[in-house]
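# Examining the three-dimensional arrangement
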Amino acid sequence: MNQKTKITGANDFYYLLAFFFVLTFGYFHWVADYLLFFQEKQSLFVFSSEYFHEFLSKPGGLLELAGKFLTQFYLNTVIGSFILATTLTLTGTIFFKISKRLFIFKSGSLLFMLIPSCLLLMMQTHYYHKMEYNLGFLLVLLYFLLSILPGKKYNRYFALTLFPLFYYLAGAYSWIFLVMYIFYNLSFEKERQQYSFSVFLLSTALVSFVVFKEVLFLQSVDQLIQYPLPFVDDSKHRITFYLLTCYIALYPLAGKIIFSIRLKRVNTRFVALTSAFFIFSITIFSLYKAYNPQTARALQLEKLVFEENWAQVIELHENYPSKNLIGQYCYNIALSETDQLCDRLLYGRQDFSANSLILPWSNEYLRWGAYFFYSVGLINEAHRWAYEEMVVYGYRPQNIKLLAKTNLINGNYQMAKKYIDILKKTINYNDWAKEYEKLLNLPKRIASYPELGEKIKILPKEDFFIEIDNPQNNITLLLKANPNNRKAFEYEMSWLLLTKNVGAVVTNIKKMKELGYTRIPLHVEEAALAYLNSTGELPYLGGLTISHETQTRFGEYVSTFKSIRQNSSSDKEKMRENFGNTYWYYFHSK
């Protein structure tokens, strides 16, 4: 068996782990809380036998199930941050106990014991790094610790006979354990036992692989070798994953070599704490570099859209403009839902012309694209986007909720009940489901329900074929099918404004009074005055007038614009500050 060992400085290590816990909790609670929101919305944990069966039918499925179970608690940032911090800190604790079993303490050893937790923390900053990836490495270390506990030879064999069960629980993470154990076996066991345990484990692994592939699960070779390892489509994340995997797998051999080096006249505690400071400095710097304020802002906007907190969406984007297409798209959705699209469109940043109004059909945008169609009353198309997202990515809170609402609006109560029942079997969305369950089979109650009733009013009165390649054409088709749809009309006007088709904007003003407008929206007024200044004439406005305030401000804009043509960039910046939220500034500067 391995040598009798002793590690001094254990208290220092636990203090450092406590610091690591606080660092991790603080980062995800106060800085990167947007990651918790994003990951919670990537899946929907449903308490049903059908849902569980999906994960029971493959090795590693239970690990993924456990990850999704914990991820659902990310909805609350305090609980989510606590779960993440606890999981990553436990990894460091188990790694310390393994080191305690294998090595005598040497200078700098704290550095080596902190590395796995710090690497996992770095990986966790990627928004597609799932909880099950952390649990996978944690299980590897736990099983390895179990397999090296002191005891009789037969106890060791018994621990290794549990490999098929571990393979079923952890999937491809079992291969990391296998390599780690073989290096341990060759490095620490007595010569006569060096090969017996390794051969026994390799034989058990081979039999398990064949039985799982050919008899029990009928999985492909790639599935059995790779699932559920974190092969995220990001080079930095993959490199970190490979580094962590190699570090853990080779640790018994590398550790024995490193800790066998004898250094004389060295203050081991000073070296240990200095090395810990070094690894924490690198980790904190990596966290700083990983934080992307634009991504954070876009996901915060999406979070507010999902909560239908339109006022805060508008406030956030106007005060802290997002440069991200999705962020600006969410802002426009909020303006539409609050009937301010043509009044405040340019109060928020618009960098993508009309592309931030409607997203193209693509798997990349399935998560967001349905919001536009739902906002303007194209309920069937919103349903299609939500359904496709469910098919491609599985149950997610946003697609199941939208499918429930679109079916209620269309009167498909049996299908609406199906999706409501799914949400009733969740922790986070049970209350929402119970509220909408009260609407089933009650068309009058649905019509009087504020959100759903408004959508029913703007439904198209006749069917038409949706244009996928040119989605903006659907606005025109929708207006023909329901001329009283003001939301569609404002999207059409916004499209014309952002594409600088001023003539068409002005021509459409005459339709506004029939649509119930009592005044011309601000940006449309501004476009009309720009048209008047350019052509010297103004088409019929349908009985509406341009406000005196807008005319006065236009005079100020023209005067300022003429004065800065030959002047410095500082004057142009002053122009942006004074008129940056006007259509005139957008027309001349974008």
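The residue numbers shown here count from 1 along each chain, following its written sequence. Local features are withheld for residues below a pLDDT of 70 in this predicted model, meaning they are given only at 70 or higher, and side-chain atom pairs are given and counted only at 80 or more; totals for whole chains, interfaces and linings count all residues. As a rule here, side-chain values come from all non-hydrogen atoms in the structure, and water together with hydrogens is ignored.

## A short note on the nonpolar core
Remark: nonpolar core denotes a set of buried residues (Ala, Val, Leu, Ile, Met, Phe, Trp, Tyr, Cys) joined through side-chain atoms within 4.5 Å. Here's how the labels work: a residue is buried when its accessible area is under 20% of the maximum for its type, exposed when over 50%, partly exposed in between, all with a 1.4 Å probe on protein chains only. In terms of nonpolar packing, the biggest core is built from 102 residues, with Phe372, Leu408, Leu452 and Met512 touching the most fellow members. If we skip the residues at most four places from it in the chain, Phe372 touches Tyr329, Ile333, Leu357, Ile358, Ile475 and Tyr491. By size, the runner-up hydrophobic cluster in this structure holds 85 residues, among which are Phe95, Ile98, Met122 and Phe177. Should any heavy atoms of two residues lie within 4.5 Å, those residues are considered in contact.

## As for helix H5 (residues 77-102)
Numbering of helices and strands starts at the N terminus; helices are DSSP runs of H or I of at least 4 residues and strands are runs of E of at least 2. Here the expected length of a helix is defined as 1.5 Å per residue gap, with one fewer gap than residues. The terminal C-alpha atoms of H5 lie 38 Å apart, and with 26 residues this matches the ideal 38 Å at 1.5 Å per residue to within 8%. Polar contact is defined as a pair of N or O atoms within 3.5 Å, subject to the rule that within protein one atom must be able to donate a hydrogen and the other to accept it, and that residues adjacent in sequence are counted only when both atoms are side-chain atoms. Capping of H5 at its N-terminal end is provided by Asn76; its side-chain oxygen lies 2.9 Å from the backbone amide nitrogen of Val78.

## Some points on the environment of Thr582
Within the secondary structure, Thr582 sits in the loop between helix H31 (569-579) and helix H32 (583-589). Note: C-alpha distance between Thr582 and Ala527 (55 residues apart in sequence) is 9.3 Å. Other than its neighbours up to four places away in sequence, Thr582 contacts Leu346, Glu526 and Arg553.

## Some thoughts on the layout of surface pockets
Cavity: a set of points on a 1 Å grid over the protein atoms alone where a 1.4 Å probe fits but cannot get out. Pocket: an open set with protein on both sides within 12 Å along at least five of seven lines, its lining residues, like those of a cavity, having an atom within 4 Å of a point. Grid points are joined across faces, edges and corners, and a volume is the space filled by probe spheres set on the points. Of the pockets and cavities examined, the largest pocket occupies roughly 900 Å³. Lining the largest pocket are 46 residues, with Val305, Glu308, Trp310, Lys405 and Glu451 positioned closest to its centre. For the lining of the largest pocket, the leading source of residues is helix H19 (residues 366-376), giving six residues. Three classes are used: nonpolar for Ala, Val, Leu, Ile, Met, Phe, Trp, Tyr, Cys and Pro, charged for Asp, Glu, Lys and Arg, and polar for all others, with Gly counted as polar. Of the residues that constitute the lining of the largest pocket, the class distribution is 20 nonpolar, eight polar and 18 charged. The space that makes up the second largest pocket amounts to roughly 620 Å³. Lining the second largest pocket are 20 residues; nearest its centre among them are Met122, Thr125, Asp234, Lys236 and Ala290. For the lining of the second largest pocket, the secondary structure elements donating two or more residues are helix H6 (109-124), helix H13 (235-259) and helix H14 (268-290). By residue number, the principal contributor to the lining of the second largest pocket is H13, which donates six residues. Classifying every residue of the lining of the second largest pocket by side-chain character gives ten nonpolar, seven polar and three charged.

## Here's the deal with empty space enclosed by the protein
Under the defined criterion, the tally for this structure stands at three cavities of 30 Å³ or more. Its boundaries defined by the atoms lining it, the largest cavity holds a volume of some 60 Å³. Lining the largest cavity we find Leu335, Ser336, Asp339, Gln340, Leu341, Arg486, Lys487, Glu490 and Tyr517. Looking at the lining of the largest cavity, the elements with two or more residues in it are helix H17 (325-337) and helix H27 (486-498). By residue number, the principal contributor to the lining of the largest cavity is H27, which donates three residues.

## Concerning unusual backbone geometry
Following Tyr227, the chain continues into Pro228 via a peptide bond in cis, with omega recorded as 0°. At Ser353, a position not held by glycine, the phi torsion is positive, near 55°. Although it is not a glycine, Lys500 adopts a positive phi angle of roughly 65°. Within the secondary structure, Lys500 sits in the loop between H27 and helix H28 (502-507).

## Focus: the environment of Leu357
Tracing the chain through its elements places Leu357 in the loop between helix H18 (341-344) and H19. It is 27 Å that separates the C-alpha atoms of Leu357 and Asp33, two residues lying 324 residues apart in sequence. Residue contacts for Leu357: discarding those within four places in its chain leaves Tyr329, Asn332, Leu345, Phe372, Tyr491, Ser494, Trp495 and Leu498.

## A look at the side chain of Glu451
With respect to the helices, strands and loops of the structure, Glu451 is situated in helix H25 (residues 450-457). For Glu451, a relative accessible area of 19% corresponds to the buried category. Within polar-contact distance, the side chain of Glu451 engages the side chain of Lys405 at 2.9 Å. Once you skip the residues sitting within four places of it in the chain, Glu451 turns out to touch Glu308, Tyr374, Lys405 and Tyr436.

## Digging into the side chain of Ser147
Assignment of secondary structure puts Ser147 in helix H7 (residues 131-147). You can call Ser147 buried: its relative accessible area is 1%. Reaching out from Ser147, the side chain makes a polar contact with the backbone oxygen of Phe144 at a distance of 2.7 Å.

## So, the pattern of salt bridges
By salt bridge we mean one thing: a side-chain nitrogen of Lys or Arg within 4 Å of a carboxyl oxygen of Asp or Glu. Scanning the model with the defined rule gives 19 salt bridges in all. For the salt bridge of Glu389 with Arg396, the shortest nitrogen-to-oxygen distance reads 3.2 Å. Among the residues examined, Arg396 registers a relative accessible area of 5% and is labelled buried. Put simply, Glu451 and Lys405 hold a salt bridge, and the shortest N to O gap is 2.9 Å. Of this pair, Glu451 sits in helix H25 while Lys405 sits in helix H21 (residues 397-410), placing them 46 residues apart in sequence. The network of salt bridges with shared partners includes Glu308, Lys405 and Glu451.

## Details of the packing of H17 against H19
Only C-alpha atoms enter the line fits that serve as axes; for helices the fit covers just the stretch in contact. Angles between N-to-C directions range over 0 to 180 degrees. Here H17 crosses H19 at 20°, and the two axes come no closer than 10 Å. Comparing their axes, H19 and H17 come out roughly parallel. Between H17 and H19 the crossing geometry is left-handed. The segment H17 lies against H19, with Ile326, Tyr329, Ile333, Ser336 and Glu337 engaging Trp368, Gly369, Ala370, Tyr371, Phe372 and Ser375. Classifying every residue of the contact of H17 with H19 by side-chain character gives seven nonpolar, three polar and one charged. Each angle gets one of four labels, with under 35 degrees taken as roughly parallel, over 145 as roughly antiparallel, 65 to 115 as roughly perpendicular, and the rest as oblique. Less than a right angle of anticlockwise turn of the near helix away from the far helix marks a crossing as left-handed, whereas a clockwise turn marks it as right-handed.

## Describing a nonpolar patch on the surface
Side chains of Val207, Val211, Val215 and Leu216 sit close together on the surface and give an oily, nonpolar patch of about 340 Å² of accessible area. If you trace the backbone, Val211 turns up in helix H11 (residues 196-216). Owing to a relative accessible area of 31%, Val211 belongs among the partly exposed residues under this scheme. Two distance rules govern patches: like charges are joined within 9 Å, and nonpolar side chains (Val, Leu, Ile, Met, Phe, Trp, Tyr) within 5 Å, applied only to residues with over 30% relative accessible area and no salt bridge. Accessibility throughout is a Shrake-Rupley quantity obtained with a 1.4 Å probe, and a residue counts as covered only by protein chains that appear here.

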